[in-house]
Every structure is written in C-alpha cells, then in structure tokens.
Amino acid sequence: MFSHIMIGTNDLDKAKSFYDDLLSTLEVRPARVDGHRIFYITKTGVFSVSKPINGEPATCANGGTIGFACNSPEQVDKWHAAGIAAGAKSIEDPPGIRQGPGGKLYLAYLRDLDGNKICAMHRMPS
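Residues numbered from 1 in each chain as written. Predicted model: local features only at pLDDT ≥ 70, side-chain atom pairs only at ≥ 80, totals over all residues. Heavy atoms only, no water.

**Considerations on unusual backbone geometry**
Here is step 1 of the chain: For Glu27, which is not a glycine, the phi torsion comes out positive at approximately 65 degrees.
Here is step 2 of the chain: Looking at Glu27, the relative accessible area reads 70%, which means it is exposed.
Here is step 3 of the chain: Phi angles above zero are rare outside glycine, and Glu92 is one such case at about 60 degrees.
Here is step 4 of the chain: Along the polypeptide, Glu92 turns up in strand β6 (residues 89-100).
Here is step 5 of the chain: Classification of Glu92 by relative accessible area gives exposed; the value is 51%. (Buried < 20%, exposed > 50% of the residue type's maximum accessible area, 1.4 Å probe, protein only. Helix = DSSP H or I, 4+ residues; strand = E, 2+ residues; numbered from the N terminus.)

Written out as structure tokens, the structure is:
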C-alpha cells in the first residue's frame, strides 16, 4: 500500500546518526544521503528523513506514529535501547505486551530527536 514514509528534521546529520544506530538493530544498512534527504531502502519499503524543501522548520505530526516491524520481542528491546542510547525519549508504557483487537503485540515507543513518535512492533503468536 505504501511506497515510502518521509519525516522532517532540522538537523540532517544528527538524524542520520540517530536512525543509522536505531535501524541497525533491524539489520537495515546506513542511510544513503541525497542532498537534503536520507533514505533507508529495504525490500519491504523506504523510510526517509528530509529537511523541509520549503525552508520552514520541520515539525512532528501530532497524533502520528511510524511503526517499524521487528522479528522478536528481543529485537524490539534492542531497538528501544539503541534509541535511548542515541538520544531518544521513551514514551508511553515500557516495552512490553499489549493486548488489542489485532491480538497480542510486543511494542516499544520513542520520540526521536525531532519529536516524531516512532514504534517498534512484534506480533506475538496467538
């Protein structure tokens, strides 16, 4: 359904360092730099961070969340720890199982360096 997800940043170098560290826990290679943007290209999708092309400051989406798929609860925990170590803020409940209409999920939430809400998620077996 989606071709890519792009979020804004006010400091591309810091964002690249942060997301390179964070996404390495998901076995994603460091970003490719393309001028004012960086791209993480995988078989399952593209995640990008960009300085706004209109020259205005980047802001985070209120109510928006970007979720990254993980293979296990341990990978979620590793992702969360890497994010904290790279300067993110842990938000909501600590990493753990949440029960919802879609079944059991193992989740962790962070705010990145620009305030974007990001999530790591592993679907638990039923």
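Text resumes after the structure shown.
**Some details on the pattern of salt bridges**
Between side chains of opposite charge, a pair can form as their charged atoms come close.
Here is step 1 of the chain: Going through the model one piece at a time under the given rule, you end up with three salt bridges.
Here is step 2 of the chain: With a closest N to O distance of 2.5 Å, Asp20 and Lys16 form a salt bridge. Here Lys16 and Asp20 lie together in helix α1 (residues 12-24), a separation of four residues that amounts to about one turn.
Here is step 3 of the chain: Here Asp34 makes a salt bridge to Arg37, at a shortest N to O gap of 2.9 Å.
Here is step 4 of the chain: Judged by relative accessible area, which is 25%, Arg37 ranks as partly exposed. (Salt bridge = Lys/Arg side-chain N within 4 Å of Asp/Glu carboxyl O.)

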